[in-house]
Amino acid sequence: MSFITTLFHLIEWIILVYFFALNFLYLLFTILSLIGLTRHHQLSTYILFKEMLHLPSLKPISIIVPAFNEEKTIVANVHSLLALEYPNYEVVVVNDGSTDQTLKQLITHFHLKKTFRVFRKVIETASIKNIYLSPTYPKLVVVDKENGQKSDALNAGLNVARFPLFCAIDSDSLLDKYALLKIIRPFLEEPANMVAAGGIIRLSNGSRIEYGQVKEVGFPRNLLAQFQTIEYLRAFLGGRTGLSMLKSLLIISGAFGLFRKKEVLDIQGYRKETVGEDMDLVVRLQRHLREKKIPYQIRFVPDPICWTEAPEKLKSLTRQRNRWHRGLIESITYNRQMILNPRYGLIGLFAMPFYVIFEMLGPFIEFAGYLIFLFYLFKGGLNSQFALLFFMVALIFGIVISLFAILLEEYSAYQFPRFWHILGLMGASFLENFIFRQYLTLVRVKAFLDFFLGKKEW
Amino acid sequence: MTTQIYIILYSLIFLFLFTLSLFLYISIRRFVITQREKRHRYLRQAIESDILAAITSSPKNSWPVELKQYLRYPDIFTEVLLEFWQTLSGTPREQLKNIFASFLKEKYRRAISSRRLIKRVKAAKAFVIFAEEKDAPVIIQLLNDHPLVKLATLSSLTLNPQPKILESIFTSFIQETQTPLRYYFDLFTSMGKIIEPFVKKILKRSLPEEKLALLVELIGAIPLTSLYPQLLRLSIHPSKEIRVKTARALGNLSLPLEEIIDTLMLLAEDEAWEVRAQALKSLGKLRAKKALTLLAQALFSPYWYCRLNGARALVQFGEKGLKTLRKIARQKKDPYAADMAHMILEEIVTTGE
């Protein structure tokens with residue numbers, strides 16, 4: 001029994017250290033984000049993005065949109081992509097063997113014609129059946145291929161894309177009209193070194209959408225979507241801006257990121273064996289460029305917006321988070337040689353250990369805390385005063401960090417127009433700490449087990 | 001039990017007060033911003049109509065006194081002037097410059113010497129856009145300032161090119177180590193042909209590859225046709241990048257001279273496929289008839305881009321080129337060549353490109 005008590009004491013200490021380290025880092029990221037957002041805002045004032053529209057050095061972009069069974073949204077989304085403000089770009093939609101009417105919808109609405117397009121097959125993909133072009137929309141290219149999952153569709157798009165920069169986006173996401181002009185900025189500032197840039201993902205739940213554009217930002221009525229709204233603000237405005245300032249960015253969301261094609265082709269595009277292709281690509285890019293000693297930059301840009309719909313049902317949210325966590329574990333284990341390896345600089349010494357301890361193992365540590373609490377509660381011997389104090393400190397930290405994220409949102413974008421939206425966000429910051437947070441911890445613990453049981457499905 | 005209640009109570013009170021203060025802060029901030037925007041809109045309208053009235057009725061250099069009252073709002077005043085400057089052209093632009101000189105210039109000149117970087121950056125933009133020839137020394141000072149100020153100056157010079165300070169800009173370009181060169185590219189492109197003698201002069205110097213590549217690209221982009229002999233000399237440069245840019249620039253000059261075509265034909269047989277691909281594209285642009293056979297042969301190249309550019313170049317020749325493409329599409333010996341010819345033929349039909 002004394003062994004178990006000693007073990008539990010040890011775990012308690014680990015949890016305590018973990019807890020304070022995590023919250024310290026989150027606060028650090030928030031402070032860095034505040035500095036980063038202010039600097040970005042100040043710099044944006046003297047070179048307006050609309051002025052960039054006429055710059056001769058603006059590089060053309062291929063937008064790659066993998067689509068699988070998206071018959072309901074594909075037409076509106078492609079229309080919105082074709083109406084973006086950018087001087088030279090193409091939209092490559094890859095129909096990844098959809099079993100519904102996705103392709104038919106595209107053919108009918110955009111008057112697609114089958115063509116005999118040949119391309120450089122730099123990356124091996126499932127076979128391409130046909131390539132379609134549209135006489136009415138010359139920017140649009142539709143690739144029809146056998147099903148091979150998202151990474152494979154993106155790779156097929158990479159093979160067919162013509163331009164030196166490519167932007168990978170989800171087919172159910174909507175890009176803000178000026179998103180490309182905003183996300184290209186780091187590539188103009190650092191043309192030689194900039195390899196990838198990520199934009200911000202915002203939730204469109206509750207917003208008014210017309211012709212593929214968010215016309216009025218709203219606050220979701222669904223409680224799950226409300227919690228996710230605050231989560232996204234925390235992750236993008238707090239986490240990614242801070243990590244980007246520390247040059248430790250390991251994720252560019254698959255929903256919206258801009259990459260230099262050459263470097264991505266050098267690492268053979270997206271890895272097919274993973275369900276977290278977005279993180280995997282960025283980690284492998286970082287690894288490749290560090291190993292080759294090529295000077296590079298990967299940055300997060302806080303103002304180009306991509307809108308996406310958050311799952312409003314527990315089942316789909318669970319599936320999504322399970323997949324994300326499995327993707328994270330896959331990327332980390334695949335690139336494990338980078339962990340604590342000085343050869344990879346800050347990425348190896350800070351970013352990778354951070355993701356291992358706080359993102360990958362974090363749910364386990366949190367879960368262990370709940371178990372120990374329950375153990376002492378039923379067995380007796382619970383220091384209720386300490387437990388309560390710890391719980392309240394955890395709660396306060398959690399809420400304060402979320403509230404800071406609302407403040408960052410207010411400074412950076414001022415997107416939520418009504419006061420009740422802010423009140424709603426504040427309420428969600430409080431409520432998400434009960435049940436929702438614990439549930440997601442459980443989901444991620446299960447994802448961990450699923451990963452080791454070899455689960456590969458989406 | 002009492003201690004526990006205190007813990008909960010104090011925590012909740014802290015949370016409540018923190019949330020409340022944050023909400024109040026956001027509310028007050030929004031209120032201030034909304035009021036400021038309202039005032040801003042109102043002032044903007046007033047300044048807009050007064051400036052419009054001034055530039056349409058007032059004789060040069062004698063501006064109505066109403067404009068003086070807006071000196072208290074220099075940011076909005078400048079914003080309106082900049083907006084008008086971008087939409088108007090010709091004499092009204094000169095008048096806007098004069099208004100700026102009469103009311104705001106001195107203020108910005110002082111701001112340029114400020115110790116605060118962001119103030120200097122903002123001042124640089126407005127000052128340079130409304131600069132006159134006599135302001136050249138100030139602009140040169142800005143070009144020697146912090147990289148961010150320099151960047152703002154260069155991007156503003158793109159909107160208001162100053163031929164008088166070209167010498168200094170080129171000196172700054174030669175000495176440049178920090179600012180991305182693309183800002184110079186945008187600036188030089190906006191200046192057009194007046195930069196020709198300067199480019200010619202500095203091409204005689206020994207330049208780092210990146211800068212030389214930019215100048216070569218510039219010759220093609222503007223285009224600076226009289227500098228084609230310099231390009232011909234660069235076609236044998238040891239750097240592949242320079243040869244690629246030279247091939248592109250020669251095509252962009254649109255000068256179907258014998259010596260240019262011969263140089264491009266030589267580049268089309270370069271050891272680097274990237275140079276070959278670019279030369280083929282340029283030969284297509286120049287519709288160099290004597291290169292027809294070479295372009296047709298390019299479709300049998302093992303390099304995808306050479307095949308693509310060769311095929312696209314053939315399209316430029318009209319029926320003659322299309323005939324060659326059809327012939328290649330029909331042949332069975334090289335399926336890659338046939339596929340490429342086929343694709344280009346279809347591309348013309350489908351997208352008209």
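Preceding block: the structure.
Each chain has its residues counted from 1, following the order in which its sequence is written. Going through the entries in the order they are written, you letter the chains from A and number the ligands from 1. Totals for whole chains, interfaces and linings use all residues, but because this is a predicted model, local features are given only for residues with pLDDT of at least 70 and pairs of side-chain atoms are given and counted only at 80 or more. Hydrogen atoms and water are omitted, and side-chain values are computed over all heavy atoms in the structure.

Some details on a positive patch on the surface
Residue and element names in this part refer to chain B.
Reasoning step 1: A residue counts toward a patch only above 30% relative accessible area and without a salt bridge, and it is joined to like-charged neighbours within 9 Å or, for Val, Leu, Ile, Met, Phe, Trp and Tyr, to nonpolar neighbours within 5 Å. Every accessible area reported is derived by Shrake-Rupley at a probe size of 1.4 Å, with residue values counting cover from the shown protein chains alone. For salt bridges, the criterion is a side-chain nitrogen of Lys or Arg within 4 Å of an Asp or Glu carboxyl oxygen. In this tally Asp and Glu are treated as negative and Lys and Arg as positive; neither His nor the chain ends contributes. Think of each charge as sitting on NZ of Lys, CZ of Arg, CG of Asp or CD of Glu. A cluster of basic residues, Lys107, Arg110, Arg116, Lys119 and Lys122, forms a positive patch on the protein surface.
Reasoning step 2: Only helix H4 (105-112) and helix H5 (117-129) provide two or more residues apiece to the positive patch.
Reasoning step 3: Classification of Lys107 as partly exposed rests on a relative accessible area of 35%. Think of it this way: any DSSP run of H or I at least four residues long counts as a helix, any run of E at least two long counts as a strand, and we number them from the N terminus. The buried label goes to any residue with under 20% of its type's maximum accessible area, the exposed label to any with over 50%, and the partly exposed label to all in between, with areas taken from a 1.4 Å probe on protein chains only.

Thoughts on the side chain of A:Arg284
Reasoning step 1: Looking at the secondary structure, you find A:Arg284 in helix H10 (residues 277-291).
Reasoning step 2: By definition, residues are in contact when any of their heavy atoms lie within 4.5 Å. Each residue touching A:Arg284, except ones within four places of it in the same chain, is listed here: A:Ile267, A:Gly269, A:Tyr270, A:Arg271, A:Tyr334 and A:Asn335.

Thoughts on helix H12 (residues 345-360) of chain A
Residues lying three or four places apart along an α-helix face the same way, a consequence of the helix completing one turn every 3.6 residues.
Residue and element names in this part refer to chain A.
Reasoning step 1: Two axes enter the definition of the bend at a residue: one is fitted to the seven residues ending there, the other to the seven starting there, and the bend is the angle between them. Largest kink in H12: about 30°, centred on Ala351, with the proline Pro353 one to four residues after it.
Reasoning step 2: The element H12 is largely enclosed, with a buried count of twelve among its 16 residues.
Reasoning step 3: Those residues of H12 lying buried are Gly345, Ile347, Gly348, Ala351, Met352, Pro353, Phe354, Tyr355, Val356, Phe358, Glu359 and Met360.

Focus: the interface of chain B and chain A
Reasoning step 1: Taken together, the 46 residues of chain B in the interface contact 50 residues of chain A.
Reasoning step 2: Accessible-area loss on putting two parts together, using a 1.4 Å probe and summing over both, is the definition of buried area adopted here. Both faces considered, chain B and chain A share a buried interface measuring about 4,600 Å² in area, 70% of it formed by carbon and sulfur atoms.
Reasoning step 3: The interface formed by chain B and chain A includes one salt bridge.
Reasoning step 4: Salt-bridge contacts for B:Arg30 lead to A:Glu410; the nearest nitrogen and oxygen are separated by 2.6 Å.
Reasoning step 5: Nitrogen and oxygen atoms within 3.5 Å of one another constitute a polar contact, given that in protein one can donate a hydrogen and the other can accept it, and given that sequence-neighbouring residues count only through two side-chain atoms. Joining chain B to chain A, the criterion identifies six residue pairs in polar contact (both at pLDDT 80 or more).
Reasoning step 6: Take the side of chain B that touches chain A: its biggest share by element is 19 residues, from helix H1 (residues 2-57) of chain B.
Reasoning step 7: When the residues that make up the side of chain B that touches chain A are grouped by side-chain class, the tally is 23 nonpolar, twelve polar and eleven charged. Throughout this entry, Asp, Glu, Lys and Arg are counted as charged residues, while Ala, Val, Leu, Ile, Met, Phe, Trp, Tyr, Cys and Pro are counted as nonpolar. The remaining residues, Gly among them, count as polar.

Remarks on the packing of helix H7 (residues 147-159) of chain B against helix H9 (residues 182-191) of chain B
Packed helices, taken two at a time, are described by the angle their axes make and the gap between the axes.
Residue and element names in this part refer to chain B.
Reasoning step 1: For the pair H7 and H9, interaxial distance at closest approach is 8 Å and the crossing angle is 25°. By the criterion of interaxial angle, the relationship of H7 to H9 is roughly parallel. Note on packing geometry: the crossing formed by H7 with H9 is left-handed. For the pair formed by H7 and H9, the contact residues are Lys150, Leu151, Leu154, Ser155, Leu157 and Thr158 on the first element and Tyr183, Tyr184, Asp186, Leu187 and Ser190 on the second.
Reasoning step 2: Looking at side-chain class alone, the contact of H7 with H9 contains six nonpolar, three polar and two charged residues. To obtain an axis, a line is fitted to C-alpha atoms, over the contacting stretch when the element is a helix, and the angle between two such axes runs from 0 to 180 degrees between their N-to-C directions. Angle categories are assigned with fixed cut-offs, so that under 35 degrees is roughly parallel, over 145 is roughly antiparallel, 65 to 115 is roughly perpendicular, and the rest are oblique. Here is the rule for handedness: rotate from the far helix to the near one, and if that takes an anticlockwise turn smaller than a right angle the crossing is left-handed, while a clockwise turn gives right-handed.

Some points on the packing of helix H10 (residues 196-203) of chain B against helix H11 (residues 209-221) of chain B
Residue and element names in this part refer to chain B.
Reasoning step 1: Between H10 and H11, the shortest axis-to-axis distance is 11 Å and the interhelical angle comes to 145°. The handedness of the crossing between H10 and H11 comes out as left-handed. Contacts between H10 and H11 pair Val199, Ile202 and Leu203 from the former with Leu212, Leu215, Leu218 and Ile219 from the latter.
Reasoning step 2: In terms of residue class, the contact of H10 with H11 is built from seven nonpolar, no polar and no charged.

Some details on the nonpolar core
When a protein is soluble and globular, its nonpolar side chains tend to lie buried together.
Reasoning step 1: Residues enter a nonpolar core if they are buried and are Ala, Val, Leu, Ile, Met, Phe, Trp, Tyr or Cys, with the set joined through side-chain atoms within 4.5 Å. Ranked by size, the top nonpolar core spans 137 residues in total, and within it A:Ile61, A:Ile63, A:Val93 and A:Phe259 carry the most contacts.
Reasoning step 2: Examining the composition of this core, we find that eleven residues originate from one element, helix H14 (residues 384-412) of chain A, more than from any other.
Reasoning step 3: Judged by nonpolar contacts, the second largest core, of 118 residues, contains B:Ala152, B:Ile169, B:Leu286 and B:Met343.

Structural notes on the state of the cysteines
Residues and elements named next belong to chain A.
Reasoning step 1: A pair of cysteine sulfur atoms is labelled a disulfide when the two atoms are within 2.5 Å. Tallying each qualifying case throughout the model produces zero disulfides over all chains.
Reasoning step 2: Cys167 takes part in no disulfide bond, and the closest cysteine sulfur to it belongs to Cys306, at a distance of 8.1 Å.
Reasoning step 3: Overall, the relative accessible area of 0% leaves Cys167 in the buried class.

Let's talk about unusual backbone geometry
Among all residues save glycine, negative phi is the norm, and among peptide bonds the norm is trans.
Reasoning step 1: Cis peptide bonds are those with omega within 30 degrees of zero, and the linkage from B:Ile222 to B:Pro223 qualifies with -10°.
Reasoning step 2: Take B:Pro223: it is sitting in the loop between H11 and helix H12 (228-234).

Focus: the packing of aromatic side chains
Reasoning step 1: Aromatic rings from Phe, Tyr and Trp, with only the six-membered ring used for Trp, were paired whenever their centres fell within 6.5 Å, and each pair was classed as stacked if the ring planes differed by under 30 degrees, edge-to-face if by over 60, and tilted otherwise. According to the stated counting rule, one finds 41 aromatic pairs over all chains in the structure shown.
Reasoning step 2: Consider the rings of A:Phe19 and A:Phe20, whose centres lie 5.0 Å apart with planes at 80°: the pair is edge-to-face.
Reasoning step 3: A relative accessible area of 44% places A:Phe20 in the partly exposed class.
Reasoning step 4: Between B:Tyr70 and B:Phe77, the ring centres sit 6.2 Å apart and the planes meet at 75°, which makes this aromatic pair edge-to-face.
Reasoning step 5: Accessibility expressed as a relative area gives 6% for B:Tyr70, which makes it buried.

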